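# Summary of the model geometry
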Amino acid sequence: MTKIMNVVSPSIADILFSQSSIVHNQMGIDTIRLTPVYKTLIKVLDKMALKAVQPTRNSPVSETIRKIKKDAKRDFKKRYKAEKFIPVVEVVKLTKGKSVSNYMIIIRNTPLLFDLATHHKKAKDTFCMVVFTGLHQPTKKVESEAMKIISKFTKRKSFKLHSLDIAIDTTDHKSINKKRSKSFKKQLAPYSKHGVKLEGSSLYINNIEHKQSISKILYYDKYLKTQYHKQKGVSNDLRNWKRLEITLTFDVTDQGNKGFKSHIESMDFLNTLYDIDDIAQLAKVKNYDSDYFIYQVNSLLDNRFMNNHESMKQFNSVESLERFKLSDFRRYILAI
């Protein structure tokens, strides 16, 4: 991540987002990645009348695609030592709105998908990866209609769960720099056994051995990121906004992998949530709630949670979350 300089706070008249107006200090699922058979995915999209689109240049989704392609090329060169490699990326618009959460990103022609095809003795272009991202972005509008469509894919057993990004927002007055990198390594032991990488205002732990499902830990300055992307209306009271992001990765060749819904309701996932809380405590991220996470999961399992006036206006608003918290019915309860 590029180092961010010359941060300018918005004027009072421009403020749209503050600690009181957004879902803040909450845990939530930001990204879901699934690996279906590509032909099966196309049939499902046809039935739902969803079609590929060309995103506008410099839009949030086009920036996400550039990052995906960059990561895929790096992985290919590292493993196959090829001079040229072009991953295939398609974008499907789910509903109105410019936020990246309103799109499905389809990725093909990557080493991971080659490995999956080889395991099943299929052609290299058999599988694809489907990415739903931006699901926990408090200063971006998440549409309930998009969440309803996403739930149709997360409920499919044949769409194997590849990974989840679980994000926890917090308020942290300390800067992220070289000095912080050293203390972060000490705090996060034994997760940080192989070191911590500092890039701009982000700390990465990319090599974790002792926890099978946890593949990456990222801690970064979320406020500076909003300024880097020139997002308007972010209040100065969010200047200490930091984010802990933990990537969980699963074996897509495992016959026991029955997709997102099956795993999210399993004891294995509950145990992983204990590990996530352990990481949060080590990182000194203590004062956070899991209400938004529970709201997300319940909504993906049962769309009726979104059939009310507030959530239909905006899924991730403060009002929508408060309405959910006051409701009596729960399909998914987090007992930790």
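Not measured: the values here are computed from a predicted model.

Each helix and strand counted, the protein chain has eleven helices and ten strands in total. Taken over 336 residues, the protein chain has a buried fraction of 51%. Restricting to contacts in the protein chain with at least 6 residues of sequence separation, those with at least 24 account for 74%. Here the protein chain contributes 61 positively and 34 negatively charged side chains, and the mean placements of these two sets differ by 5 Å.

A few words on the pattern of salt bridges. Summed over the entire model, instances satisfying the criterion amount to 15 salt bridges. A salt bridge links Glu-209 to Lys-193, with the shortest nitrogen-to-oxygen separation between them at 4.0 Å. Of this pair, Glu-209 sits in the loop between strand E8 (202-205) and strand E9 (214-221) while Lys-193 is found in the loop between helix H5 (178-187) and strand E7 (197-199), placing the two residues 16 residues apart along the sequence. Of the two residues, Glu-209 and Lys-193, neither departs from the other in class, the shared state being exposed. Across the pair Lys-261 and Glu-265 runs a salt bridge, and its minimum N-O distance is 3.3 Å. Taking the relative accessible area as the measure of exposure, Glu-265 reaches 41% and is therefore partly exposed. A cluster of three or more residues bridged by salt bridges with shared partners is formed by Asp-30, Asp-169 and Arg-243.

Mapped onto the elements of the fold, Thr-31 is located in strand E1 (residues 27-35). Reaching out from Thr-31, the side chain makes a polar contact with the side chain of Thr-133 at a distance of 2.7 Å. Setting aside chain neighbours within four positions, we find Thr-31 in contact with Val-131, Phe-132, Thr-133, Gly-134, Ser-163, Leu-164 and Asp-165.

Our focus in this paragraph is the nonpolar core. Proteins that are soluble and globular tend to have nonpolar side chains buried together. Within the largest apolar cluster, 66 residues are counted, with the highest numbers of intra-cluster contacts made by Met-104, Phe-153, Leu-164 and Phe-293. Considering each element in turn, this core owes the most residues, seven residues, to helix H9 (residues 291-301). Tyr-103, Ile-105, Ile-107 and Val-131 belong to the second largest nonpolar core, which has eleven residues in total.

There is about 480 Å³ of room inside the second largest pocket. Lining the second largest pocket are 19 residues, and of these Ser-213, Phe-250, Asp-254, His-263 and Asp-268 sit closest to its centre. Those elements giving two or more residues to the lining of the second largest pocket turn out to be helix H7 (260-264) and helix H8 (267-282). The dominant element in the lining of the second largest pocket, judged by the number of residues it contributes, is H8, at four residues. Per-class residue counts for the lining of the second largest pocket are two nonpolar, eleven polar and six charged.

In this section: the sheet that holds E7. Read from one edge to the other, the open sheet built from ten strands follows the order E2-E3-E4-E5-E1-E6-E10-E9-E8-E7, with strand pairing classed as antiparallel. Each edge of the sheet is formed by a strand with only one pairing partner; in this case those strands are strand E2 (52-53) and E7. Bridge analysis of strand E3 (residues 88-93) against strand E4 (residues 103-108) gives six bridges, and the strand direction is antiparallel. Paired with Val-88 across the strands is Arg-108, a residue of E4.

Residues three or four positions apart in an α-helix share a direction because the helix packs 3.6 residues into each turn. Taken residue by residue, helix H3 (residues 111-119) has Pro-111, Leu-113, Phe-114, Leu-116 and Ala-117 as its buried positions. Looking one or two places after H3, you find Lys-121, whose phi comes out positive at around 55°.

Moving on, we come to helix H11 (residues 318-326). Taken together, the buried positions of H11 are occupied by Ser-320, Leu-321 and Phe-324. Buried positions in H11, seen along its axis, are confined to an arc of 95° and lie on one side of it. Its buried side turned inward, H11 meets H9 and helix H10 (309-313).

What follows covers a positive patch on the surface. A cluster of basic side chains, namely Lys-39, Lys-43, Lys-47 and Arg-156, defines a positive patch on the protein surface. Examined against the element boundaries, Lys-43 turns out to sit in helix H1 (residues 38-47).

Below, the discussion takes up the pairing of E9. Across the eight residues that make up E9, a large majority, six, are buried. Across four bridges, the pairing between E8 and E9 is antiparallel. From the neighbouring strand, Tyr-204 faces E9, where its bridge partner is Leu-218. For E9 and strand E10 (residues 241-249), the ladder comprises seven bridges, and the chain directions are antiparallel. Bridging from a neighbouring strand, Lys-216 pairs with Thr-247 of E10.

About the criteria used
- Residues numbered from 1 in each chain as written.
- Predicted model: local features only at pLDDT ≥ 70, side-chain atom pairs only at ≥ 80, totals over all residues.
- Heavy atoms only, no water.
- Helix = DSSP H or I, 4+ residues; strand = E, 2+ residues; numbered from the N terminus.
- Buried < 20%, exposed > 50% of the residue type's maximum accessible area, 1.4 Å probe, protein only.
- Contact = heavy atoms within 4.5 Å.
- Lys, Arg positive; Asp, Glu negative; His and termini not counted.
- Charge placed at Lys NZ, Arg CZ, Asp CG, Glu CD.
- Salt bridge = Lys/Arg side-chain N within 4 Å of Asp/Glu carboxyl O.
- Polar contact = N/O pair within 3.5 Å; in protein donor to acceptor, adjacent residues only side chain to side chain.
- Core = buried A, V, L, I, M, F, W, Y, C linked by side-chain atoms within 4.5 Å.
- 1 Å grid on protein atoms, 1.4 Å probe; cavity = no way out; pocket = protein on both sides within 12 Å on 5 of 7 lines; lining within 4 Å.
- Points joined across faces, edges and corners; volume = space filled by probe spheres on them.
- Nonpolar A, V, L, I, M, F, W, Y, C, P; charged D, E, K, R; others polar.
- Pairing = 2+ DSSP bridges.
- Arc of directions from axis to C-beta.
- Patch = residues over 30% accessible without salt bridge, like charges linked within 9 Å, V, L, I, M, F, W, Y side chains within 5 Å.
- Areas by Shrake-Rupley, 256 points an atom, 1.4 Å probe, with all protein chains shown as cover.

Treat this as a map of the structure, not an account of what it does.
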